[in-house]
Structure formats: structure tokens, C-alpha cells
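Spelled out, the chains give:
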Amino acid sequence: MRLNYYLIKKNVLRARKLVIKALNNAGSGHPGGSFSMAEILGCLFYKHLQYDPNNPQWEDRDRLILSKGHAGPGLFSNMAVAGYFPESQLETLRQFGSKLQGHPDLKCPGVEFCGGSLGTGLSYSIGVALAGKIDGKNHHVYTIIGDGESDEGQIWEAAMTAAKYKVDNLTAFLDRNFIQQDSYTEKIMPLDEKLEGDDISEMWKDASRWKTGDKWRSFGWNVIEIDGHRIEQIDAAITKANSTKGIPSIIIARTIKGKGVEHMEDNPQWHGKAPDSDVTPIIDLELDSQFMIAPSIIAGDMNNLENEIKRCISGRADFIHLDVMDGQFVPTKTFDHTKIKELRSLTVLPFDTHLMINEPVKHVKDYVEAGSDIITVHAEVCDETSFGEIHDYLKQNKVGVGLAINPNTELPEWSYKFIASLDQLIVMSVVPGKSGQKYIEETHEKMTRLKAILNVHKFSGYIEADGGVTFDNIGSCFADGARVFVGGSAIIGKQDVRGAIRDFRNQVLKTRRKLLLDKANELGGSELVKKWIGLHVVGEKQEQIKQIAKEASYL
């Protein structure tokens, strides 16, 4: 089964937005820890967890136990998206009589554990896992514990117990976001090394400082360490953990508290605080403005694509763009599914396969079997029938569905019926198959027309800008509505791929900050602009955003 990357991505976004809405309505709650584990829950609910929302007590279900119970809004939002109850029920969060209390409670069908006192969830999980073994059941137990929660001695007593009894039907996640209720974990009770100052990025990025895994290994656990916001890494870690026999597994996920909302990120103030009503529309816009960078490896050494894949990995690309050209639909010929299959074993990064070929309906199966996670075909070589066949086949195989249009092509009317279920729309800003072209400026106007059509037909996917995207124009592409950016010579053509991707991200971030300030000014003028800026207290963010506001004459 493929990764189902875009489904997870879209549902994680949906769940995050529900958390903000619920906390604002309740006037209290915990956004930080809900957001740090968001991708973990996304991978569990929409890929690995066996459950039936219509039969919450199904005997053979997997068990998901949230030990860090204050992050209940994150659990509830995913349960709503998964169909356990209507999303509107999130509006009752923390109200008297509601099934959705501040911490998970067994009164809510589908909740497996009352998460109140920290430190107890792992012990409980071991009991459930052992009972499953005794009863000869095949279900799996997944447990999410916090790093602040790991100050509790009971966590380590449970760790010894699980190893002693070889509880291999248990997979624990440590949500390693470096912040607990009072402050940074490394200032209170270090799991890695003592933190000097308030810059936790040095802890997050410097692997030589990570000691937590060694602790768990010494207790007899199988330890897997990942970036807890990378869907593909979480997916691979779960698969590896579940196949490990004879010892329990823990996935140490390095995460960012408040991930997805810049002023909440790495900020202890947002451990347990609800956003005000006047800023929630701005937060919603920020959540909708997450973006991804996808290097196109054909801009590199075509005789050594394996090395180009490695450069994308070290450059921390979000996924890898694979341009397949057949020499017929476009004059150039690159590679086919055979090469993609060879490259697949090199990385778990998602493969974004762009088929610039004739009659894609005849070949799409080959590209699924080769390991593509997203497949995009061109409107110019499809009609309603053939694209419908492609669409259904990709959906059945958990592969993202994309449609591409050339610079001189408008969205055909037959495509409108598919827009709501499309995962990706590639808007070509150069003529495909020809190298060395500059971005076609008319694409900006075209994007305005497209957005109107997409909004009418309830598009919830991602617009991908492909062709001539550079550091100089990526900001304007983002302002147009693109959220995925393919970089050829502007990324792969550079010696320092990581630096190029970092520069791309920073440029988009600057544009995004401006759009959010525009929204604040539209909703509340200079006072709301000042309030929004004032929320950004970590690092140098506040001064940077203040400068953008001054340039826009909002201050």
C-alpha cells in the first residue's frame, strides 16, 4: 500500500483547524501539544490504525492510547475527521455534559484511556498489550507519551516491564517537542543535554546532543529516531516498529510544539492557552498557507540520478519531482517507470511523478507499481473517460491524483467534476520539454482565473507551480495561490541544494508573513496588526514581522 501522502496531509490540516476552532470556542485548552503530534496521529488514523468508527468497541481494533492527555483536542479532532462523531461536536469541547472534556474520557466512544495524571498511560498500554497476547489477539497498541511526562518515574518502571515481558505488540511514540508546561524540558529535567539559553533549535538540529534514545535502548527497547513532522518518516518508522519482534519499540519523534502556527512554535506560552477570536481567522489562513518544496532531479546529472536523490535527501526537500517525458507529448525524453523503481529504494521521500506522456491511461499502473506517491497526468492527453479511469485507479491504490495544464491550456470543463477530489493541480509556467526557459509572466493572471474556478468546485488540494520558479519569483507564485514549488536549475542546478531550498523557504515565509499582516489589517486595522506582531515572541520573528508591517505602512 502506498503512503497516501496527500490524504494524510489534507486530514492533518483539517484536524489542526478543528483544534483552533474548538479551543477558541471553549476559551481554554492545549494547542501546542496537539499540534506537535498532529502528523503522528495523521499517519496512524489514515494509514496504520485498524478501527471502525461505527463500531468503536470492535474487538479486533488496534488501541490508541494518549498518555499525554492534555493534548486531547488533537485526538478529538482526528476522531471527528475519521468519522467517530460530527466535526460540529468539537464546538462542545470542555462544556458540562460533553463527551469531549479537557482530557480524553471513556465517555467518548473510541477513547481507550482516561488521560488525566501524566505518566500512567504507558503502564496501562502494557497491560492492554499483554492481555492481547494472552487472549491470542493480533491487534496492536499505540501509545503517545510526552517528553515532559517522562519526568515521571512510572514511565521508566513501565519501560523496564515492557522489555522484561517482550511486549512487541506495543509501539510507543515520544513526542519530543522540548517543551513542557513550565518551560523547556532541558531546563527542567533534561532528557538530552542541559539547554543554555532559549534557542532550542540547537537541541533539535544537533544529533550529538540527543541522549534520549540511549536511555530507552538501555532499558531494552527498539529505538527509532525521526523527524516527527515528516509523514514519510513516521510511516516508515511505524512499519519498521511493527515488524520488530521480541522487544517493544519506541519511535522518538523530534517535533515542534505548536507546529503550523508561527507564533505558537517553540513557545511555552502556548502549552495550554486558547487563541482569541480576533486572531483565529488569521491562524486559519496561516494553516492554509503551509507549503512544500519539490526539487526536479532532471535538472541535475541525468547519468547519476541516484546522486541527485541523495542531494535532495541531504537538502531536506519535502518530496522529489520526477519529470517523465516520452519524446512524443513533449520533444524531450527522460526516463520511465523502470528508473523510478530503481530509485525508489534510495529514500522514503514521496515521489511526485509528473507524466508528460501520451495516453497515460495505458501506463499509469506501471508508475504506481514503481513506487510513485503522487501521479499527475496532462489534461491535453485526457478526456473525461480516461481521466476518470486514472483517477479511480490512483484513489484505489492510495496514490495522490494530479492534473496538469500547459501554459496555453485552460482547465477543460470535463475536469470540473473531479476538482473536489483532486490532490494536486500543476500549472505549468514554461512550455514542457524545453530547457532554459524563463517563467511566463501571464501565468499570474491565469492563476487568478483558476482560483475562481477551483473555489466554486471546492478544490481542497494543492496547486503546484512548475517551470521557471526561482528565488526571485517564488514569493509572487505563493501569493498567487501555489503551495508546492518545483525547483529545477534554481535548486538542483546549485552546488548547495540545502542552501537553495532554505533560501526558497525563507522567501516564501516572508511573503506569507506579509499576507497574514494584510489579513490582520483588513480585519482590525493597525491595532490588530500590532496584536498579531506581539504574539511572535520567540527568537527574531517579532522584529522581522514588524519590519514587513512598516514597509506596508501598517504601523
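See the structure above.
Everything numeric here is computed off the predicted structure, so don't read it as measured data. (Residues numbered from 1 in each chain as written. Predicted model: local features only at pLDDT ≥ 70, side-chain atom pairs only at ≥ 80, totals over all residues. Heavy atoms only, no water.)

Caption draft 1: Expanded view of a positive patch on the surface. Together, Lys205, Arg316, Arg498 and Arg502 give the surface a local cluster of positive charge. As for its position among the elements, Lys205 is in helix α8 (residues 201–205). (Patch = residues over 30% accessible without salt bridge, like charges linked within 9 Å, V, L, I, M, F, W, Y side chains within 5 Å. Areas by Shrake-Rupley, 256 points an atom, 1.4 Å probe, with all protein chains shown as cover. Salt bridge = Lys/Arg side-chain N within 4 Å of Asp/Glu carboxyl O. Lys, Arg positive; Asp, Glu negative; His and termini not counted. Charge placed at Lys NZ, Arg CZ, Asp CG, Glu CD. Helix = DSSP H or I, 4+ residues; strand = E, 2+ residues; numbered from the N terminus.)

Caption draft 2: Geometry of the sheet that holds strand β4 (residues 222–227). Here we have five strands laid out as an open sheet, ordered β1-β2-β3-β5-β4, and parallel in their pairing. Since the sheet does not close on itself, it has two edges, and those belong to β1 (63–66) and β4, each with one partner. On average, adjacent strands in this sheet sit at an angle of 20° to one another, irrespective of strand direction. Sheet topology places β1 next to strand β2 (residues 141–146); four bridges connect them, and they run parallel. Paired with Leu66 across the two strands is Ile144, which belongs to β2. Along the sheet, helix α5 (residues 121–134) contacts β1, β2 and β3 (170–176); its crossing angle with β2, the most-contacted strand, is approximately 170°. (Pairing = 2+ DSSP bridges. Axes fitted to C-alpha atoms, helices over the stretch in contact; angles between N-to-C directions. Contact = heavy atoms within 4.5 Å.)

Caption draft 3: Region of the structure containing the sheet that holds strand β13 (residues 484–487). Across the sheet, which stays open at both edges, the eight strands sit in the order β6-β13-β12-β11-β10-β9-β8-β7 with parallel pairing between neighbours. The sheet terminates laterally at β6 (292–295) and β7 (320–325), the two strands that pair on one side only. Averaged over all adjacent pairs, the angle separating strand axes in this sheet is 25°, with direction ignored. Of the pairings in the sheet, the one linking β7 to strand β8 (residues 351–356) comprises six bridges and is parallel in character. Bridging across to β8, Val324 finds its partner in Leu355.

Caption draft 4: Region of the structure containing helix α13 (residues 337–344). Turning to α13, its buried residues number three or more, namely Ile340, Leu343 and Arg344. Angular distribution of buried residues about the axis of α13 spans 105°; they occupy a single face of the element. Two to three positions downstream of the cap, the backbone nitrogen of Thr338 sits 3.0 Å from a side-chain oxygen, assigning the N-cap of α13 to Asp336. (Buried < 20%, exposed > 50% of the residue type's maximum accessible area, 1.4 Å probe, protein only. Arc of directions from axis to C-beta. Polar contact = N/O pair within 3.5 Å; in protein donor to acceptor, adjacent residues only side chain to side chain.)

Caption draft 5: Molecular detail of the side chain of Asp323. Note that Asp323 resides in strand β7. Reaching out from Asp323, the side chain makes a polar contact with the side chain of Ser296 at a distance of 2.7 Å. Aside from chain neighbours lying at most four places away, what touches Asp323 is Ser296, Ile298, Thr334, Phe335, His354, Met356 and Asp466.

Caption draft 6: Highlighting the pairing of strand β9 (residues 374–378). Here β9 lies mainly inside the structure; five of its five residues are buried. Relative to strand β10 (residues 400–405), β9 runs parallel, the two being bridged by five bridges. Paired with Thr376 across the two strands is Gly402, which belongs to β10. You can see the chain leave β9, run along helix α15 (residues 384–396) and come back into β10, and the turn it takes is right-handed. (Right-handed = clockwise from strand over helix to strand, strands pointing away.)

Caption draft 7: Representation of the packing of helix α1 (residues 5–26) against helix α4 (residues 72–82) in the model. As a packed pair, α1 and α4 sit with axes 8 Å apart at the nearest point and diverge in direction by 125°. Considering their axes alone, α1 and α4 lie oblique with respect to each other. Here α1 runs over α4; the crossing is right-handed. Residues Asn11, Arg14, Ala15, Leu18, Val19 and Leu23 of α1 form the contact with α4, whose participating residues are Pro73, Gly74, Ser77, Asn78, Ala80 and Val81. Residue classes in the contact of α1 with α4 are distributed as seven nonpolar, four polar and one charged. (Parallel < 35°, antiparallel > 145°, perpendicular 65-115°, else oblique. Left-handed = near helix turned anticlockwise from the far one by under 90°. Nonpolar A, V, L, I, M, F, W, Y, C, P; charged D, E, K, R; others polar.)

That is the geometry; function is a separate question.
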